[in-house]
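# Survey of secondary and tertiary structure
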Amino acid sequence: MKDIAEALGVSVATVSRALKDSPRISAEKRNIIKRYAREHNFFPNFIAESLRKSRIQPMKIIGVIIPQFNHYYFSSVLSGIEEAASARGYRILVAQSNESYEREVSICQSFFENKVCGIIVSQAKDTTVYEHFQKLLDQGVPLVFYDRICTGVDCSRVVVDDYNGAFNAVTHLINTGCRRIAFYGATMKMEISKNRYNGYRDALLRAGLKIDENFIRECDNRQDAELITPELLSHEVVPDAFFAINDDTAIGILYSAKRMGYRIPEDISICGFTNGERAIACDPMLTTVEQRGFKVGSEAVEVLINQVEGIIPRDKVEKRVVKTRLVLRNTTR
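This structure is a prediction, so every number in the text was calculated from the model and none was measured.

## Description of the packing of aromatic side chains
The final tally for this structure, using the stated rule, is 10 aromatic pairs. By way of ring pairs, the aromatic residues Phe-183, Tyr-197, Tyr-200, Phe-243 and Phe-273 are connected into one cluster. Above the ring of Phe-273, the side-chain terminus of Arg-196 is found at 3.8 Å from the ring centroid.

Structural data, given as structure tokens:
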């Protein structure tokens, strides 16, 4: 602005007011100053302006931590976060933990140093201690968890109804005649894995079916599913259905079973959990539980901004649950 003021022979204050469309500056002078700014590639620095304003009000920048960018669910959550934040005049800074606790700690520190107004986070798989999250809360930074919540820290969260999503999916498998249903899940250190396993277990128990520990495996990605499934299907007694913690794992099961000569769904039914684009790109198309990631992201933003702006007290723990939906396709009978 000093350069523009010097070039045009006006004060810095006049330049500032003109760029903000202040009626105190004539329309003719505003147009001259704006045209000069455009021609010389001048653009306001949003971060700098936010830092200046942060002395009297919080910065309108939200930090977002995503475990993996290449996972459809997390990208859909991010879309919901960005759109909802933008609608309320906020911007986002996004970082990927890549499932690393150390990287997650570093990101939290970086966000704090950059004075974000709050953080929306889904914790990394290998996070088992939570001091970095508690430290943010102690420093007055609002925190909202989504998907993978941290039970060791008492703060707001937005999750999908993992238990009922799993319960309804496995109940559907049972109602279509399946009796030997395998479960592929993530580490039981994470609440989502516990909740989906509990839904699977309770559906079996309610139907009077025995839980076979040989059919329960820790597996939450396609690569591992393609390694584990052939071994499981080589036994004398094999599953007649699989319920997987996500679509990628379910597609790995599907690929392996078809390669071994099993017919889907005549011999084996398969159900995933996500309802991403890959669910309709496989053959046959995948029955799955829809997580509604966009809705999760927009709800998380609403909770966080309401806490930042004082609509929700910062010491109030807001817990929201987004309902799931079973999407029936051709991998189940």
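Alright, that's what it looks like, and here's the rest.
## Some details on the pairing of strand S2 (residues 91-96)
The side chains of a regular strand alternate between the sheet's two faces. Across six bridges, the pairing between strand S1 (residues 61-66) and S2 is parallel. From the neighbouring strand, Ile-61 faces S2, where its bridge partner is Arg-91. Taken together, S1, helix H5 (residues 72-87) and S2 constitute a β-α-β crossover, and its handedness is right-handed.

## Examining the side chain of Asp-247
Position of Asp-247 relative to the elements: it lies in helix H11 (residues 247-259). Here Phe-273 takes part through its backbone nitrogen, which lies 3.0 Å from a polar atom of the side chain of Asp-247. A distance of 3.0 Å separates the side chain of Asp-247 from the backbone nitrogen of Gly-276, its partner in a polar contact.

## Some remarks on the pattern of salt bridges
Across all of its chains, the model carries 19 salt bridges by this definition. Close ionic contact of Lys-295 with Glu-299 constitutes a salt bridge, the shortest N to O distance being 3.0 Å. Linking Lys-295 with Glu-299, this pair stays in helix H12 (residues 293-308), spanning four residues, or about one helical turn. With a relative accessible area of 13%, Glu-299 lands in the buried category. Bridged by salt links that share partners, the residues Lys-295, Glu-299, Glu-302, Lys-316, Glu-318 and Arg-320 form one connected network.

What counts and what doesn't
- Residues numbered from 1 in each chain as written.
- Predicted model: local features only at pLDDT ≥ 70, side-chain atom pairs only at ≥ 80, totals over all residues.
- Heavy atoms only, no water.
- Phe/Tyr/Trp six-rings, centres within 6.5 Å; stacked < 30°, edge-to-face > 60°.
- Lys NZ or Arg CZ within 6 Å of the ring centre and 35° of its normal.
- Pairing = 2+ DSSP bridges.
- Helix = DSSP H or I, 4+ residues; strand = E, 2+ residues; numbered from the N terminus.
- Right-handed = clockwise from strand over helix to strand, strands pointing away.
- Polar contact = N/O pair within 3.5 Å; in protein donor to acceptor, adjacent residues only side chain to side chain.
- Salt bridge = Lys/Arg side-chain N within 4 Å of Asp/Glu carboxyl O.
- Buried < 20%, exposed > 50% of the residue type's maximum accessible area, 1.4 Å probe, protein only.

Remember, this is a structural readout, not a statement about activity or role.
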